[in-house]
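# Chain and residue survey
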Amino acid sequence: MDTTLQLIARTMHPPRGQAWHGGPTPVAAVRDVPAVMARWRPRPGRHTIWELTLHCAYWMYAVRRRMLGPAGMRFPRSPGNWPAMPKPAGEAAWAADRALLAEEHRLLLEAIEGFSAALVETPSGREHWTWGDQLIGIAMHDTYHAGQIQLLKRLWGKR
């Protein structure tokens, strides 16, 4: 794999699940979160950890779908960008959605590993963004939302 793609993959899946800045990936951030905390909404109109988890999973899927083409791909939850928490929102459903996040993370890394380095600087078909922009963008997106999840975990403890 090309050095650029290796750096992107390592950013998305750092050793021991923790990035250089000390923060976890979304997968690591939700690892020990119980369903009651995941579905807690800090204020009306704010997102829950569960919603952020599904949102991250969706965008990992969306970037991978762009890379590989849509044939046969479908995200299992809806609506796409901000999937709704299931009802009932219990431990089994939460475990399934954490597994969905981990699987989308794994599949995206697999797609990155198989991606042609020659395409990194080529247009991705998304306005004026290159494939490199898309891949770095999803890594930044994950970091941003992992930080939000970490903040919500702290707020949960102080509620």
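Structure first, text after, so check above.
Cut-offs used in this document
- Position labels on residues start from 1 in each chain and follow its written sequence.
- Since the coordinates come from a predicted model, pLDDT governs what is reported: local features require at least 70, and pairs of side-chain atoms require 80 or more to be given and counted, while whole-chain, interface and lining totals use all residues.
- Based on all heavy atoms of the structure, the side-chain values leave hydrogens and waters out of the count.
- What counts as a helix is a DSSP run of H or I of at least four residues, what counts as a strand is a run of E of at least two, and both are numbered from the N terminus.
- Axis definition: a line fit to C-alpha positions, over the contact stretch in the case of helices; interaxial angles, taken between N-to-C directions, run 0 to 180 degrees.
- Should an angle lie under 35 degrees it is considered roughly parallel, over 145 roughly antiparallel, and from 65 to 115 roughly perpendicular; all remaining angles are considered oblique.
- By convention the crossing between two helices is left-handed if the near helix lies anticlockwise of the far one by an angle smaller than a right angle, and right-handed if it lies clockwise.
- Residue contacts are defined here by distance: any two heavy atoms, one from each residue, within 4.5 Å place the two residues in contact.
- What makes a nonpolar core is a set of buried Ala, Val, Leu, Ile, Met, Phe, Trp, Tyr and Cys residues whose side-chain atoms join them at distances within 4.5 Å.
- Only protein chains enter the calculation, and the probe is 1.4 Å; a residue is then buried if its accessible area is under 20% of its type maximum, exposed if over 50%, and partly exposed in between.
- Polar contacts, as counted here, are pairs of nitrogen or oxygen atoms within 3.5 Å of one another; within protein the pair requires one atom able to donate a hydrogen and one able to accept it, and residues that are adjacent in sequence qualify only if both atoms are side-chain atoms.
- Think of a salt bridge as a Lys or Arg side-chain nitrogen and an Asp or Glu carboxyl oxygen that are within 4 Å of each other.

## Description of unusual backbone geometry
With an omega dihedral of -10 degrees, the bond running from Ser78 to Pro79 counts as a cis peptide bond. With respect to the helices, strands and loops of the structure, Pro79 is situated in the loop between α4 (49-68) and α5 (91-113). A cis amide bond links Lys87 to the next residue, Pro88, at an omega of 0 degrees. Structurally, Pro88 can be placed in the loop between α4 and α5.

## Notes on the packing of helix α1 (residues 3-12) against helix α6 (residues 131-158)
Two elements in contact, α1 and α6, have axes separated by 9 Å at closest approach and are oriented at 15 degrees. Considering their axes alone, α1 and α6 lie roughly parallel with respect to each other. At the point where α1 passes α6, the crossing takes the left-handed sense. Of α6, the residues touching α1 (which contributes Leu5, Ile8, Thr11 and Met12) are Leu135, Ile136, Ile138, Ala139 and Asp142.

## Regarding the nonpolar core
If you look at the biggest cluster of nonpolar residues, it comprises 44 residues, and the most contacted ones within it are Ile49, Trp50, Met67, Trp94, Leu108, Ile112 and Leu135. Those elements that provide at least two residues to this core are α1, α2 (26-29), α3 (35-38), α4, α5 and α6. No other element matches α4, which puts twelve residues into this core. With residues near it in sequence (within four places) discarded, Leu108 still touches Met12, Met60, Val63, Arg64, Met67 and Ile138.

## Thoughts on the side chain of Ser124
Tracing the sequence through the fold places Ser124 in strand β1 (residues 123-126). Residue classification places Ser124 among the buried positions, given a relative accessible area of 12%. Of the polar contacts made by the side chain of Ser124, one reaches the backbone oxygen of Trp129; its length is 2.8 Å. In contact with Ser124, not counting residues within four places along its chain, are Trp129, Thr130, Trp131 and Gln134.

## A few points about the side chain of Thr53
Take Thr53: it is sitting in helix α4. By relative accessible area, Thr53 is classed as buried at 1%. Beyond its immediate sequence surroundings of up to four residues, Thr53 is in contact with Val30, Trp94, Asp97, Leu101 and Ile149.

## Side note on the environment of Ala118
One can find Ala118 in the loop between α5 and β1. Separated by 69 residues in the primary sequence, Ala118 and Ile49 have C-alpha atoms spaced 37 Å apart.

## A few points about the pattern of salt bridges
In this structure the tally under the stated criterion is five salt bridges. Asp97 is the salt-bridge partner of Arg77, the closest N and O atoms lying 2.6 Å from each other. Linking Arg77 in the loop between α4 and α5 with Asp97 in helix α5, this pair joins segments that are 20 residues apart in sequence. Accessibility expressed as a relative area gives 5% for Asp97, which makes it buried. Notably, a salt bridge pairs Arg106 with Glu110, separated by 3.0 Å at the nearest N-O pair. Of this pair, Arg106 and Glu110 both sit in helix α5, four residues apart, which is roughly one turn of that helix. Since its relative accessible area comes to 39%, Arg106 is described here as partly exposed.

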